[in-house]
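Analysis of the macromolecular model
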Amino acid sequence: MTVTVVKKLNPYFEIIGLLYDSVRPESAEEEAWKKSARNRGLNPEELNRKIGPVIRKYHAAFQKYRTGREMEDFDFFFLHEEPEFALFFQSICGEHPEWFAKELKEEQKGEIQLAFLQEFSEEEKITEPPAFEIMVRILERAGYSGGLGWKFLLFLQEPVKKLQNLSRILKANFSAFEKAKEAVQKPLEKLMEDFQEGMEKEYLIAKISGDVTAFPTLVCSGAEVISSNPESTTAYIGLFVKDIYKMLEKSRNNRKHLLPVLKALSDSSKFEILQSLLISPKYNLEIAEELKLSPPTVSHHMSVLLENGLVDVEKKEGKVYYTLSKERLREVVRELEKIFSL
């Protein structure tokens, strides 16, 4: 296996993604962002603080300069609800820059159909463009039915014309893409520097098989590995994956320490002790008398509470007083809010 790392953005992959995002309502984008964070077990607000400023600036600059809304087939490629449609074209078009280098010819129809159908069909190798009915079955087996399946079929019926129109739209927006990169030049340079290091980590390399050219992507900034199929020779990896993995590791560590605390709080006697200490500091015998517990039992409970940082101790007048660790409890509440996005 050889992974060739390209330290630049793939313009076709980025522009298709930027155009698709540019016609989505902001509310839909925000909800998709939150859903993605929750699916990964991350707090949306924390993720937004880390990634949001760069991504918003990137999209805003592209939005300011983008064009082509009136061009033929713009609506076909970008005005639909299924992100899988745009993502599929991002991956395949990014892998075939030769389609956009010069005007396509009608005799290339079969070549384009095969390129797409081979990505759809994982069960068998397709060597020649099949009949329409076979295409329908291939798409159905791949899970593309209904409206999304019909959109792919419409493309496959006249792929040369559709790709020519897509090429014109992309070329019209190359300038907007360059402006978007300029808007985030400094953070983008730093992210590119970190990209090589991230690619060397086992958690990314392990997700890639075969000989692959790996591109960084900013438009899909949190994606681990995007490729059209497991045998694809091109893959795209989000420039913020390294940061997201750090956040995930931090979240896992926090939860690891949180569970014993929740277990301690679930015990009624320990909970009552904390409630008592909320009123005032107390020493062991005071707690035992108030809660009608034996001193050894109180000592056991205090040992667990101390271990989890829920209480502190201070010596006063020759006695050891226990006090409630309010800051620790605030940390626990904050962590629960992060986990459940309250």
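Note that the coordinates shown come from a computational prediction; the quantities given were computed from them, not determined experimentally.

Details of unusual backbone geometry
- The backbone of D73 sits at a positive phi, close to 75 degrees, despite the residue not being glycine.
- For D73, the location among the structural elements is in the loop between α3 (44-65) and α4 (74-78).

Notes on the pattern of salt bridges
- Taken as a whole and judged by the stated rule, the model has twelve salt bridges.
- Linking E327 and R334 is a salt bridge whose minimum nitrogen-to-oxygen distance equals 2.9 Å.
- Under the relative-accessibility criterion, E327 is labelled partly exposed at 39%.
- The closest approach of N and O atoms between R328 and E331, which form a salt bridge, is 3.3 Å. With R328 and E331 both in helix α18 (residues 326-340) and three residues apart, the pair spans about one turn of that helix.
- Overall, the relative accessible area of 36% leaves E331 in the partly exposed class.

Remarks on the packing of aromatic side chains
- Across all of its chains, the model carries 25 aromatic pairs by this definition.
- Between F76 and F77 the ring centres are 5.1 Å apart and the planes differ by 85 degrees, which places this aromatic pair in the edge-to-face class.
- Judged by relative accessible area, F77 falls into the buried class, the value being 2%.
- Taken together, a centroid distance of 5.1 Å and an interplanar angle of 70 degrees make the contact between Y144 and F152 edge-to-face.
- Taking the relative accessible area as the measure of exposure, F152 reaches 0% and is therefore buried.
- The ring of F76 has K162 lying over it, and the distance from NZ or CZ to the ring centre is 4.1 Å.

Observations regarding the nonpolar core
- Counting residues in each nonpolar core, the largest one holds 77 residues, and the members touching the most others are F78, F89, F116, F120, L166 and L218.
- Ignoring sequence-local partners within four residues, the contact set of F78 consists of I16, L19, Y20, V23, R24, L166 and I169.
- V261, I287, L291 and V311 belong to the second largest nonpolar core, which has 17 residues in total.

Thresholds applied
- Residues numbered from 1 in each chain as written.
- Predicted model: local features only at pLDDT ≥ 70, side-chain atom pairs only at ≥ 80, totals over all residues.
- Heavy atoms only, no water.
- Helix = DSSP H or I, 4+ residues; strand = E, 2+ residues; numbered from the N terminus.
- Salt bridge = Lys/Arg side-chain N within 4 Å of Asp/Glu carboxyl O.
- Buried < 20%, exposed > 50% of the residue type's maximum accessible area, 1.4 Å probe, protein only.
- Phe/Tyr/Trp six-rings, centres within 6.5 Å; stacked < 30°, edge-to-face > 60°.
- Lys NZ or Arg CZ within 6 Å of the ring centre and 35° of its normal.
- Core = buried A, V, L, I, M, F, W, Y, C linked by side-chain atoms within 4.5 Å.
- Contact = heavy atoms within 4.5 Å.

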